[in-house]
Amino acid sequence: MKVSKRMQGSLAVVAALAVLLAACSSDDGATGGAAPPSSAAAGSGSGTTIVATPFDGRYEATIVRTEEGIPHITGANIESVIYGQGYASGEDYSCTLADQLLKVQGRRAEALGAGDDDANINSDFAWRTIGIDALARRDYPNQPDEVRAQMEAFSSGWNKHLADVGADAVTQWCAGADWLEPITPEDLYAYARSIALNASSSQVARYLGSVQPPAATDATPAPEAAPAGYDASSPSALATPVSASVRSDMTTGLAPLVQAPQMASNGWAIGSERSADGGGMLLANPHFPWEGELRFWESHLTVPGELNIYGAQLEGLPGVGIGFTDEFGWTHTVSAGNRFTAYTLELVPGKPTTYRYDDAEKEMTSRTETVEVLQDDGTLTDETRTLWFSEYGPILDFPGVGWSPAMTVTYRDANIDNDEFLEQYLAMDQAQSFDEFKEAHATNQGVPLFNTIAVSKDGEAWYADTSATPNLSPEAIAAYESTLATPGFASVAATSGAVLLDGSDSIYQWVDAPGARDPGLVPYSEMPQTQRSDYVFNANDSFWLPNADHVLEGDYSPLHGRQKTARSPRTRENATVLSDTSASGPSGDDGMLDLGELRDLALLNHGFTSRALKDEVVDRCKAATVVDVPELAGSDGAVALPAESVDISQACSVLADWDGAYDLDRVGAIVWREFIGRYTNADLLGGAALWSTPFDAAEPVTTPSGLAPPPDGGVDPVLVNLGRSVQILTKAGFSVDTPLGEVQLADREGTLVPIHGGNSADGVTNVVGYSGSFGSTEPFPKRGTTIAPQSALTADGYRINNGTSFLMALAYDDAGPEAFAFLTYGNTGDRTSPLFSSQTERFSKKDWRELLFTADAVAAAPKLDEKTVSSD
């Protein structure tokens, strides 16, 4: 049987490591070992300043697990704390990191076989095309000592846990897998670099690795050889209108690029003017997956006298990505800007791997890669493909375009060279002041795809979009904007969030600017940011509206996000609740927020679309009883619905009594969801099919407004959509008066937990939803067939597996920080553990958990486990 060289080496490392640790370690994982630092030394606010012990090459950390399995990790130096974090991460999520290493290295087929429809083979070639693993390994020796020290410490701790328990005894889904093997610092660094690609190469990976050129010929390609509607002789080929079929292919294929609930968030920073105690307040509300590799993992890291930080990080990474210290707290939201640009290439007739570039020609380059594929009998076979690249980057099998004799598509990634990513977060985590925290962004410019929303202990609120952004010249931007005026390739791509440029025209090259992190990127000095003492927020719309009453305008690149454009219903709901200082509002008589009110506001669960339109819909439906709904064709796995007559009277009555909240006991929420789900995203943003008053940039929160009037004659579409809502609910087996909590459920390994909250069309700040796939091979519960297109409803209700994840409310006062949180899916990958569903149940009940930040608080808490781990 053929065994890969990688696996031969790994087996040897496992054996050697196990022998070494068994011989040298005096700690078997039980409570005991070196005594942890005293409460006074390790605690926040103890008044004691202790100089951290210099690292001498030996790791030792104490891990105390408290309620919900949260690890509080203490060590004499940062290296030891990160070692302990690696160990604890291995306890909770060793399978996730090991699986992701297979993905990023392009080795899934070697370990897991070809996969359904060659999914693993295609993934391997895609990630080898991206090439981040090889690039990171090349860059690793040149990383700062502090970054390499983190990689070495975390991987050593992770390996120590694996050696302690053995692959067969890991309490997770991959127990016993022969690919659960020790990792190297370079492995971990490459994985970290891949995280920076989550809004660029990762999003287009499905279009990489399998694209091949058409056969070369000496003949001029026939017109039908190009994508329908493409005319290379046009002065602006990208603006040439495309056929309906190509438009449909592009729209469907590029739909995953549109920001979905699996990568969204809200972030609020409340300043001293709105804080009841005068200190800063923060709400972190990332909407991320509840399954797979993008889950957050919660931990508390302490080096007495040097570091005390609490927060969450994506599984398998060191440090804290969202969290707080004694001085400041911060969160992130996914930026609305662009992290890559795609390019059409006009190909030279008869030479499909040569493209025109101004008045010259350029040859593509290629690289041959071989992937090993595990067979059913345990042997390995080889599959070899040729991968193709332009000067910009890999060639894409772009939806609706592909690779014809006349045209293909490529792209350039703003984060492929982001070797400042880890320096960025290392500097943020170790900043000693709010100014140092902000300076980390200016110095490193390593934030890959996020807005940062942060607050200081004294109540300064800061918003910045410092995401890596391509830098186009004013001439290129003007030329690109002109292509959007007609329904061509560029405009269709733009509806899915992709920027598609003419790669055969040198005007669209990225421009080098002084002070930028890397050539071709927007420098920090030209990135949008603002600091205020009332509040700032973001809910995944562009930087333009960081405060309900104040816009952020300037000469910013449209690739950072659009200005003076309609905001999503969720953004408008965020702005509405934050700006409400009325006596009847959520902040009470004084218009100021305390921590309890901030928590309540986070889970208010009111929806903006019902807030703005429900009463008018009810007025419209009161006089109606039965409406005729037309046939609805099935699509995207959803079934078709027949034409029929539907009684809407009870639905109308239910909506009239509903207060617009998406809480568990609310009747009417599911009726509105199915009703508003009949409208497109363009409708929600201001389309005349839904609103009577269009968007006005001078009134970005209150417009568009008013329900679109009924037609002068014929069927009222509002009533038809309400009828469709009733039809869908009935088809699924639910009555219109069913409470939300009986329909919206999370499956936590067989335990069905009722979940409050809504989706993007509902316009609820607390977003929950479903995603059918993740970048992990971990098995997870799947939902059934959806009842209708544009609906998430199945016969089992709305199944939830993403959305609000690490929800944290933080406030500073004279005593220091105080915080409460949920990690909605728990802090463990052990699906048999009670901890796998306990926090989901707490979230269902809105039972916030207080975070233990001081050494005294940790010492006084009931302990689930305590151990000291060391490298000898």
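Residues numbered from 1 in each chain as written. Predicted model: local features only at pLDDT ≥ 70, side-chain atom pairs only at ≥ 80, totals over all residues. Heavy atoms only, no water.

**Points about the overall build of the protein**
Summing up its helical and strand segments, the protein has 23 helices and 33 strands in all. In terms of C-alpha radius of gyration, the protein reaches 27 Å, essentially the compact-globule figure of 29 Å for 872 residues. Its C-alpha atoms give the protein principal-axis dimensions of about 85 × 75 × 55 Å. Looking at the protein residue by residue over its 872 residues, the buried ones come to 61%. The contacts of the protein with a sequence gap of at least 6 include a subset with a gap of at least 24, amounting to 72%. When the 55 basic and 119 acidic side-chain charges of the protein are each reduced to a single mean position, those positions are 3 Å apart. (Helix = DSSP H or I, 4+ residues; strand = E, 2+ residues; numbered from the N terminus. Rg over C-alpha atoms; globule rule 2.2 N^0.38 Å. Buried < 20%, exposed > 50% of the residue type's maximum accessible area, 1.4 Å probe, protein only. Contact = heavy atoms within 4.5 Å. Lys, Arg positive; Asp, Glu negative; His and termini not counted. Charge placed at Lys NZ, Arg CZ, Asp CG, Glu CD.)

**So, helix 6 (residues 132-139)**
Among all positions of helix 6, only Ile132, Asp133, Leu135, Ala136 and Asp139 are buried. Buried residues of helix 6, seen end-on, are gathered within an arc of 165° and therefore sit on one face of the element. Along helix 6, exposed side chains directed more than 90 degrees from the buried face belong to Ala134 and Arg138. Buried residues along helix 6 sit in contact with helix 3 (78-105), helix 5 (119-130) and helix 8 (185-195). (Arc of directions from axis to C-beta.)

**Quick word on the sheet that holds strand 33 (residues 865-870)**
Taken in spatial order, the 10 strands of this open sheet run 19-17-16-8-7-6-5-2-1-33, and their pairing is mixed. Either end of the sheet is taken by a strand with one partner, and the two such strands are strand 19 (529-532) and strand 33. Taken over all neighbouring pairs, the strand axes of this sheet differ in orientation by 15° on average, direction set aside. As paired strands, strand 1 (residues 60-66) and strand 33 are joined by 6 bridges and run antiparallel to one another. Bridging from a neighbouring strand, Glu60 pairs with Ser870 of strand 33. (Pairing = 2+ DSSP bridges. Axes fitted to C-alpha atoms, helices over the stretch in contact; angles between N-to-C directions.)

**Re the pairing of strand 13 (residues 380-389)**
Alignment of strand 12 (residues 365-374) against strand 13, held across 10 bridges, turns out to be antiparallel. Its bridge partner being in strand 13, Glu372 is matched across the sheet by Asp382.

**Looking at the state of the cysteines**
By the definition in use, this model includes 2 disulfides. Between the sulfur atoms of Cys95 and its disulfide mate Cys174 the distance is 2.0 Å. On the sign convention where negative is left-handed, the bridge of Cys95 and Cys174, at about -90° about the S-S bond, is left-handed. Here Cys174 lies in the loop between helix 7 (145-165) and helix 8 and Cys95 lies in helix 3, a separation of 79 residues in the sequence. You'll find Cys95 and Cys174 in the same group, each marked buried. At a sulfur-sulfur separation of 1.9 Å, the disulfide partner of Cys621 is Cys652. When the S-S torsion is 85°, as for the bridge of Cys621 with Cys652, the disulfide is right-handed. Taken as a pair, Cys621 in helix 17 (residues 608-621) and Cys652 in helix 18 (residues 649-657) lie far apart in primary sequence, 31 residues in all. Per residue, the accessibility class of Cys621 equals that of Cys652, and both read buried. Numbered by order of appearance in the sequence, the disulfide-linked cysteines of the protein pair as 1-2, 3-4. (Disulfide = S-S within 2.5 Å.)

**Some thoughts on the pairing of strand 2 (residues 70-75)**
Summarising burial for strand 2: 6 of the 6 residues are buried, a large majority. Of the two faces of strand 2, the one carrying Ile70, His72 and Thr74 and the one carrying Pro71, Ile73 and Gly75 are both buried. In this structure, strand 1 lies alongside strand 2, joined through 6 bridges in antiparallel fashion. When the sheet's bridge partners are listed, Arg65 is paired in strand 2 with Pro71. Strand direction decides the pairing type here: strand 2 and strand 5 (residues 296-303), joined by 3 bridges, are parallel. Within strand 5, the position partnered with Thr74 by the bridge is Thr302.

**Side note on the side chain of Arg107**
Mapped onto the elements of the fold, Arg107 is located in the loop between helix 3 and helix 4 (108-112). A polar contact is formed between the side chain of Arg107 and the side chain of Gln105, at a distance of 3.0 Å. (Polar contact = N/O pair within 3.5 Å; in protein donor to acceptor, adjacent residues only side chain to side chain.)

**Some remarks on the sheet that holds strand 28 (residues 798-799)**
Spatially, the 3 strands line up as an open sheet ordered 26-25-28, and their pairing is mixed. The open sheet has two edge strands with one neighbour each: strand 26 (751-754) and strand 28. In this sheet, strand 28 lies alongside strand 25 (residues 744-748) in parallel orientation, the contact comprising 2 bridges. Bridge pairing in strand 28 links Leu745 to Arg799. Sheet strands touched by helix 22 (residues 835-845): strand 25 and strand 26. Its angle to strand 26, the strand with the most contacts, is close to 20°.

**Considerations on the environment of Gly797**
Inspection of the secondary structure puts Gly797 in the loop between strand 27 (768-769) and strand 28. For the pair Gly797 and Ala342, spaced 455 residues apart in sequence, the C-alpha separation works out to 39 Å. In contact with Gly797, other than residues within four places in its own chain, are Phe734, Val743 and Ala792.

**Thoughts on the packing of aromatic side chains**
For the structure on display, the rule yields 26 aromatic pairs. Ring centres of Trp173 and Trp179 lie 5.9 Å apart, and the angle between their planes is 50°; this geometry places the pair in the tilted category. Taking relative accessible area as the criterion, Trp179 reaches 7% and is therefore assigned buried. Among the aromatic residues, ring-to-ring pairing joins Phe328, Trp330, Phe434, Phe437 and Trp462 into one connected group. (Phe/Tyr/Trp six-rings, centres within 6.5 Å; stacked < 30°, edge-to-face > 60°.)

Keep in mind that these numbers describe shape and distance, not what the molecule does.
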